[in-house]
Amino acid sequence: MQQQATAIVMAGKRSGTLDPLAAAANVSQKSVVPVAGKPMIEHVVAALAACERIGEIRIVAHEAGEIRAIPLVGRLENEGRLVFRPGAFNLVDSVLAGAEGATFPLVITTADNCLVTPEGYAEFVAKCLAASADAGAALARKEDVMAADPEGQKKFYEFSDGGYSNCNTYWIGNEAALSAAEIMRSGGQFVKYPGRIAKAFGVLNLARFYFGWGDKDRLFAQISRRFGYKLAPIVLSNGEFAIDVDEPRSHRITEKLVAARSA
């Protein structure tokens, strides 16, 4: 049997803030906003459940009730394949709460990654294992993202070997590498906020990011030496995997792409 990973789905909410998409859909949290007729997290859970490289599924949420009411989620929970973990006050502590007692390796994804397929998750797991990665981040090529959504994302991580977008899917290969989650304590979104690169990875690596010095593998190798574990860039084959549901425009394009797949 092929090695499996535990999936952690981040489905928390910001304290005291109602997401605009949730408000428009008249639900209490973003993770259950309908996308193509289904709660967005249902798309994610369905893909994970259908992936042969995923074992247990853990949902980290502040309010589990609405999510548990989704029939697929309830069924998987009753079967013992899915469990809920309580969300914390910030992203990193929520990841740590989700990982407590879990079997490694871990695949960390988000409730708004509606376009990642079972094959996409299997590709990610296989490539992380092949790279012997202690930690990894899923990326999509700029040209693939633009092909999927020409009017969408405008900013990319630029390296000498091309531009890439983050797919909001991460790998933690072992418990020792769980400290990699600390990179996200400032909130991630390094393309939008370059200063966070300096805080997480160091000023020299900020310059390498900013000026595109070197290819991505070289830069990740330098970052790996800084942290003491192997952090690998994992390039996935489908640009759609980099599109998550953040606001009305990305919601519309996600529904369009889901409909195209069904057709």
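Residues numbered from 1 in each chain as written. Predicted model: local features only at pLDDT ≥ 70, side-chain atom pairs only at ≥ 80, totals over all residues. Heavy atoms only, no water.

Q: Is there a simple way to explain the overall build of the protein in this structure?
A: Within the protein one finds eleven helices and ten strands. Relative to its 263 residues, the protein shows a buried fraction of 52%. With the model as given, the accessible surface of the protein reaches about 12100 Å², and the carbon-plus-sulfur share is 54%. (Helix = DSSP H or I, 4+ residues; strand = E, 2+ residues; numbered from the N terminus. Buried < 20%, exposed > 50% of the residue type's maximum accessible area, 1.4 Å probe, protein only. Areas by Shrake-Rupley, 256 points an atom, 1.4 Å probe, with all protein chains shown as cover.)

Q: What am I meant to see in the packing of helix 2 (residues 40-49) against helix 4 (residues 71-78) here?
A: When two helices pack together, you describe them by how their axes are tilted relative to each other and by the distance separating the axes. Closest axis-to-axis distance for the helix 2/helix 4 pair is 9 Å, and the angle between their directions is 40°. Comparing the axis directions of helix 2 and helix 4 gives the class oblique. In terms of crossing hand, the pair formed by helix 2 and helix 4 is left-handed. Contact residues: helix 2 offers E42, V45, A46 and A49, while helix 4 offers L72, V73 and L76. For the contact of helix 2 with helix 4, the per-class residue count stands at six nonpolar, no polar and one charged. (Axes fitted to C-alpha atoms, helices over the stretch in contact; angles between N-to-C directions. Parallel < 35°, antiparallel > 145°, perpendicular 65-115°, else oblique. Left-handed = near helix turned anticlockwise from the far one by under 90°. Contact = heavy atoms within 4.5 Å. Nonpolar A, V, L, I, M, F, W, Y, C, P; charged D, E, K, R; others polar.)

Q: Where do I start with the packing of aromatic side chains in this structure?
A: Given two aromatic rings, one states the distance between the centres and the angle between the planes to describe the pair. Evaluated as defined, the whole model comprises two aromatic pairs. Ring geometry for F124 against W171: centres 6.3 Å apart, planes inclined by 85°, an arrangement best described as edge-to-face. Of the two residues, F124 is situated in helix 6 (residues 118-130) and W171 in strand 9 (residues 162-172); the sequence distance between them amounts to 47 residues. In this structure, F124 and W171 share a single accessibility class: buried. Look at F159 and Y164: their rings are 6.1 Å apart centre to centre, the planes differ by 50°, and that puts the pair in the tilted class. Taken individually, F159 and Y164 each receive the classification buried, so the pair is uniform in this respect. (Phe/Tyr/Trp six-rings, centres within 6.5 Å; stacked < 30°, edge-to-face > 60°.)

Q: For this particular structure, what's the right way to read helix 11 (residues 248-262)?
A: Since the α-helix packs 3.6 residues into each turn, any two residues three or four apart lie on the same face. Compared with the 21 Å implied by 1.5 Å per residue over 15 residues, the 21 Å span of helix 11 between its first and last C-alpha is a close match. Buried within helix 11 we find S250, H251, I253, T254, L257 and V258. In this structure, the buried residues of helix 11 make contact with strand 2 (34-35), helix 2 and helix 7 (142-148). The N-cap of helix 11, judged by a side-chain oxygen 2.8 Å from the amide nitrogen of R249 a few residues on, is E247. (Expected span 1.5 Å × (residues − 1). Polar contact = N/O pair within 3.5 Å; in protein donor to acceptor, adjacent residues only side chain to side chain.)

Q: Could you clarify how one ought to interpret the pairing of strand 1 (residues 5-10) in this entry?
A: Within a regular strand, side chains alternate between the sheet's two faces. Across the six residues of strand 1, six count as buried, placing the element largely inside the fold. Alternating positions in strand 1 separate into two faces, A5, A7 and V9 on one and T6, I8 and M10 on the other, with burial throughout. Two elements, strand 1 and strand 4 (residues 54-61), share five bridges in a ladder whose sense is parallel. Pairing of V9 across the sheet is with I59, part of strand 4. Across five bridges, strand 1 lies against strand 6 (residues 106-110) in parallel orientation. Counted as the bridge partner of V9 is T109 from strand 6. (Pairing = 2+ DSSP bridges.)

Q: What's the story with unusual backbone geometry in this structure? I'm lost.
A: Keep in mind that most residues, glycine aside, have a negative phi and that most peptide bonds are trans. Cis geometry is found at the peptide bond from F104 to P105, where omega equals 5°. Assignment of secondary structure puts P105 in the loop between helix 5 (91-99) and strand 6. Positive phi is not limited to glycine here, since N26 has a value of about 60°. Residue placement: N26 occurs in the loop between helix 1 (20-25) and strand 2. A positive phi angle is found at N168, which is not glycine, with a value near 55°. Its place among the elements puts N168 in strand 9.

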